[in-house]
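Chain by chain, the residues run as shown.
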Amino acid sequence: MGMEMELGSWVWMSCATLLACYFVVNTFGRRVNEWYYDFKLGHNHRLLPPGDMGWPLIGKTWHYFNNPHLFMDNLISKYGEIGMYKTHLFMKPTIILCNLEASRKVLTDDKNFRLAYPETAITVVKTILYEVSSEDHKRFRRLVTSPIMGYNALAMFVERIEDIVVNSLQRMASNSMEKPIEVFKETKSLTMRVILQIFMGSHNQKIIDQVENLFGDINDALFSWPIKLPGFSYYNALKNRKMVEKIVNSVVEDRKMMLENGEILSEKKDLVDVLLELEDVNGRKLKSEDIIDLLILFLIAGHLSTATVIMWAMVYLTNNPLVIKKAKEEQEEIVKSRPPSQQYLSIEEIKQMVYLTKVTNEVLRMSDFAIPLSREATTDVNINGYMIPKGWRTVVWQNACHMSSKYFKNPEEFAPSRWDDNNKYTNGTAFFPFGVGTRMCPGRDLTKMEMLIFLHHFVRNYKFEQMNPKCPVSYFPLPVPNDNCLAKVSKI
Ligand code: HEM
């Protein structure tokens with residue numbers, strides 16, 4: 001009896017102690033991070049915007065990672081629509097910006113802010129575009145991106161892109177005959193082929209397949225935890241990156257040889273050839289490792305994002321039959337008025353795709369990108385009455401502007417006609433899927449052109465049926481349904 005009593009009170013005491021510990025840790029542990037930064041900033045901590053710093057080290061990363069939209073909704077409902085919130089993400093104290101003016105100020109201020117992506121993304125992407133000074137960046141970027149800036153420069157790639165698109169849609173339709181396909185995998189493969197074509201002129205199916213396989217892990221690791229242990233995505237990504245480097249290196253060496261032997265005509269130069277011939281002000285050529293890094297940057301930056309928007313374009317169009325009808329009419333009209341001998345789309349025809357361009361704008365606006373556009377303050381900066389302390393990261397939450405009723409009437413509605421008055425939005429600058437300032441995406445024209453060529457064929461010849469339209473979406477690195485958009489694509 002005595003033993004039983006002792007055991008009972010021991011159990012009771014243990015439970016009470018555990019409960020007390022939980023209460024103390026939950027109440028105070030959560031605030032330690034906040035106290036730590038308040039202490040570090042002294043009086044200035046009062047100038048910070050409101051927000052939640054979360055737990056020490058991990059901060060609120062888990063919540064953000066899990067569902068950035070829910071995370072942002074919670075911040076806004078708790079602290080109001082003030083447009084700036086403090087938090088702690090990816091191991092750094094962070095100010096999230098939802099306000100348009102503040103976002104643009106930060107993204108265009110290269111003097112007081114520098115690029116600051118999480119360690120995993122910087123190490124995996126690794127490029128001299130991120131390392132050079134802001135002056136060198138401007139000049140260097142202009143040179144390396146000239147082959148893809150503007151529709152006229154891109155004109156030489158239209159045929160190659162169209163061939164890839166047509167093959168890809170045919171493949172989707174023929175594979176869908178057996179069972180539904182994971183459409184996101186297909187669009188990823190499509191955009192990877194386009195990038196490899198443009199940048200390395202690679203027709204080699206073996207190289208395309210190898211690079212495609214290695215990229216799965218690389219993409220997953222961009223916003224992962226920086227854990228270099230077997231089994232973790234960061235570790236796998238670094239391993240795979242090394243293998244991609246080897247493959248790209250062999251392409252670079254081949255092209256070097258071809259250039260030296262005069263086997264590449266000047267009008268047939270791909271980006272790799274332009275990079276190989278590039279000289280700095282002192283007449284020095286780029287090092288092979290820098291060329292390889294740049295090509296890998298273009299591969300990473302260029303295929304996943306475009307694959308995502310092409311996939312969402314199919315979803316949005318299918319859910320809006322009137323839009324698809326109007327888009328189809330425009331495209332049929334374009335094809336009808338071309339000479340019978342013309343096989344491929346011309347750049348002039350692409351420029352005539354006025355309605356389809358509105359569709360692509362609307363897809364880009366609604367695609368829900370959660371890419372945190374990240375900068376770090378190099379000095380204390382005051383914006384809208386709040387302080388961004390030196391060393392803190394800022395994250396621009398584009399979605400807050402793209403889905404704001406202040407800028408877009410009925411923002412939840414997929415309405416290409418809102419772009420009838422194009423200038424209203426583009427001049428208002430609330431629409432910036434490709435960023436702003438000196439880092440603005442150099443791949444924007446290529447993306448728009450890929451989308452237009454794809455949709456030109458899709459609306460005229462194919463239909464799409466999603467198997468789980470309500471499937472939950474994962475947001476990192478980009479928003480994709482958890483079933484990879486399982487669907488049937490079939491010929492009309
Ligand atoms: C839907 C498609 C795309 C979206 C939404 C997108 C978005 C962006 C954004 C927002 C930035 C600016 C990042 C910042 O300010 O920190 C950026 C930069 C960049 N993008 Fe894209 N992008 C897309 C497609 C592409 C393509 C197709 C390419 C290349 C072929 C590309 C190459 C790059 C590069 C190289 C940078 C870095 C520029 C620099 O630091 O100077 N992107 N992109």
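The model shown is predicted, which means the values in this text are computed figures rather than measured ones. (Residues numbered from 1 in each chain as written. Predicted model: local features only at pLDDT ≥ 70, side-chain atom pairs only at ≥ 80, totals over all residues. Heavy atoms only, no water.)

Participant: Even after reading the chapter, I still don't get the overall build of the chain, so can you show me in this structure?
Facilitator: A count of helices and strands for the chain gives 20 helices and twelve strands. A compact globule built from 492 residues would reach a C-alpha radius of gyration of about 23 Å, and the chain, at 25 Å, matches this within 12%. Counting only C-alpha atoms and orienting by the principal axes, one finds that the chain spans roughly 95 × 60 × 50 Å. Burial status across the chain gives 51% buried among its 492 residues. (Helix = DSSP H or I, 4+ residues; strand = E, 2+ residues; numbered from the N terminus. Rg over C-alpha atoms; globule rule 2.2 N^0.38 Å. Buried < 20%, exposed > 50% of the residue type's maximum accessible area, 1.4 Å probe, protein only.)

Participant: Help me understand the environment of isoleucine 195 in this model?
Facilitator: In this structure, isoleucine 195 sits in helix H10 (residues 183-200). Measuring from C-alpha to C-alpha, the distance between isoleucine 195 and glycine 302 comes to 6.8 Å, with 107 residues separating the pair along the chain. Not counting residues up to four positions away in its chain, the partners in contact with isoleucine 195 are Met200, Phe298, Leu299, Gly302, His303 and Leu446. (Contact = heavy atoms within 4.5 Å.)

Participant: Any chance you could explain the sheet that holds strand S2 (residues 92-97) here in plain terms?
Facilitator: Hydrogen bonds between backbone atoms are what pair the strands of a sheet, whose relative direction is either parallel or antiparallel. Here we have five strands laid out as an open sheet, ordered S1-S2-S8-S5-S3, and mixed in their pairing. Both outer strands of the open sheet, strand S1 (84-89) and strand S3 (113-115), are each paired with one neighbouring strand and no more. Adjacent strand axes in the sheet meet at a mean angle of 35° when their direction is disregarded. Inspection of the sheet shows S1 paired to S2 by six bridges, in the antiparallel sense. Considered in S2, the bridge of leucine 89 is made with lysine 92. (Pairing = 2+ DSSP bridges. Axes fitted to C-alpha atoms, helices over the stretch in contact; angles between N-to-C directions.)

Participant: Where do I start with the side chain of serine 404 in this structure?
Facilitator: Note on placement: serine 404 falls in the loop between helix H18 (398-402) and helix H19 (422-426). Given a relative accessible area of 15%, serine 404 falls into the buried group. Among the polar contacts made by the side chain of serine 404, one reaches the main-chain amide nitrogen of lysine 406 at a distance of 3.0 Å. (Polar contact = N/O pair within 3.5 Å; in protein donor to acceptor, adjacent residues only side chain to side chain.)

Participant: Which parts of the structure should I look at to understand the sheet that holds strand S4 (residues 181-182)?
Facilitator: Read from one edge to the other, the open sheet built from three strands follows the order S4-S12-S9, with strand pairing classed as antiparallel. Unpaired on one side and paired on the other, S4 and strand S9 (462-466) mark the two borders of the sheet.

Participant: Explain the UniProt feature "transmembrane region" (unreviewed entry) in the chain to me, please; I cannot follow it from the model alone.
Facilitator: Per the UniProt annotation, the sites labelled "transmembrane region" (unreviewed entry) are residues 7-25 and 294-317. The annotated region residues 7-25 carries 100% helix and 0% strand content, and the separation between its end C-alpha atoms amounts to 27 Å. As a span, residues 294-317 carries 100% helix and 0% strand, and end to end its C-alpha atoms are 34 Å apart. (UniProt positions renumbered as here; feature names shortened; annotations may be inferred.)

Participant: Would you mind showing me how to read the environment of asparagine 382 here?
Facilitator: Within the fold, asparagine 382 resides in strand S6 (residues 381-383). Distance in space between the C-alpha atoms of asparagine 382 and tyrosine 22 is 38 Å, their sequence separation being 360 residues.

Participant: So what exactly am I meant to see when it comes to the coordination of the iron atom of the ligand here?
Facilitator: For a metal with four donors in a tetrahedral arrangement, the ideal angle between donors is 109.5 degrees, while six donors in an octahedron ideally sit at 90 or 180 degrees. Donor atoms from the protein around the iron atom of the ligand number only one, Cys441 (SG), found at 2.3 Å. Inspection of the secondary structure puts cysteine 441 in the loop between H19 and helix H20 (444-461). (Donors = N, O, S within 2.8 Å, 3.2 Å for Na, K, Ca; no water.)

Participant: So what exactly am I meant to see when it comes to the packing of helix H15 (residues 321-336) against helix H17 (residues 354-366) here?
Facilitator: A packed helix pair is summarised by two numbers, namely the angle formed by the two axes and the spacing between the axes. At a minimum axis distance of 8 Å, the contact between H15 and H17 shows a crossing angle of 140°. Our classification of the angle between H15 and H17 gives oblique. Residues Val323, Lys326, Ala327, Glu330 and Gln331 of H15 form the contact with H17, whose own contacting residues are Val354, Tyr355, Leu356 and Val359. The class makeup of the residues in the contact of H15 with H17 is six nonpolar, one polar and two charged. (Parallel < 35°, antiparallel > 145°, perpendicular 65-115°, else oblique. Nonpolar A, V, L, I, M, F, W, Y, C, P; charged D, E, K, R; others polar.)

Participant: I tried to follow unusual backbone geometry on my own but got confused; where do I start?
Facilitator: The phi torsion of most residues other than glycine is negative, and most of the peptide bonds are trans. Its identity as a non-glycine residue notwithstanding, methionine 91 has a phi of 70°, on the positive side. Mapped onto the secondary structure, methionine 91 falls in the loop between S1 and S2. Exposure remark for methionine 91: the relative accessible area of 44% places this residue in the partly exposed category.

Participant: Is there a simple way to explain the site of the ligand in this structure?
Facilitator: Of all residues adjacent to the ligand, which total 26 residues, the nearest are Tyr117, His137, Arg141, Arg375 and Cys441. Here an oxygen atom of the ligand sits 2.7 Å away from a polar atom, N or O, in the side chain of arginine 375. At a separation of 3.0 Å, an oxygen atom of the ligand approaches a polar side-chain atom of arginine 439. Within the residue set of the shell around the ligand, elements represented by two or more residues are helix H7 (134-145), H10, helix H14 (288-319), strand S5 (373-377) and H20. It is H14 that provides the largest number of residues to the shell around the ligand, a total of seven residues. By residue class, the composition of the shell around the ligand is 16 nonpolar, seven polar and three charged. (Near = heavy atom within 4 Å.)

Participant: I would appreciate a short explanation of the packing of aromatic side chains in the present structure.
Facilitator: The description of two aromatic rings rests on the distance between their centres and on the angle between their planes. The full count for this structure, using the stated rule, is twelve aromatic pairs. Summarising the aromatic geometry, the rings of tyrosine 64 and phenylalanine 71 are spaced 5.5 Å apart at their centres and angled 80° between planes, so their arrangement reads as edge-to-face. The class of phenylalanine 71 is buried, set by a relative accessible area of 7%. For the ring pair phenylalanine 408 and tryptophan 419, a centre distance of 6.2 Å and an interplane angle of 45° mean the geometry is tilted. In this pair, phenylalanine 408 sits in the loop between H18 and H19 while tryptophan 419 sits in the loop between H18 and H19, placing the two residues eleven residues apart along the sequence. Residue tryptophan 419 is classed as buried on the basis of its relative accessible area, which comes to 1%. (Phe/Tyr/Trp six-rings, centres within 6.5 Å; stacked < 30°, edge-to-face > 60°.)

Participant: Would you explain the packing of helix H11 (residues 205-220) against H14 in this entry?
Facilitator: Following both chains from N to C, one finds H11 and H14 inclined at 85°, their axes separated by 11 Å at the closest point. By the angle between their axes, H11 is roughly perpendicular relative to H14. Of H14, the residues touching H11 (which contributes Val211, Phe215, Ile218 and Asn219) are Leu299, Ile300, His303 and Leu304. Residues that form the contact of H11 with H14 fall into these classes: six nonpolar, two polar and no charged.

Participant: Sorry, what's going on with the confidence of the model for the chain here?
Facilitator: Residues shown with low pLDDT carry predicted positions that ought not to be read at fine detail. The predicted model of the chain averages 87 in pLDDT, with 93% of residues at 70 or higher. Predicted confidence in the chain is weakest over H19, with a mean pLDDT of 58, and strongest over S4, with 97. Among the prediction metrics, the complex's ipTM stands at 0.99, with pTM recorded as 0.89. (pLDDT = per-residue confidence, 0-100.)

Participant: It is not clear to me how the nonpolar core should be interpreted in this structure. Could you clarify?
Facilitator: A general tendency of soluble globular proteins is for nonpolar side chains to be buried together. Leu295, Phe454 and Phe458 are the most contacted members of the largest nonpolar core, which totals 145 residues. Beyond its immediate stretch of four places on either side in the chain, phenylalanine 454 contacts Val165, Leu169, Met172, Leu190, Ile310 and Met314. (Core = buried A, V, L, I, M, F, W, Y, C linked by side-chain atoms within 4.5 Å.)

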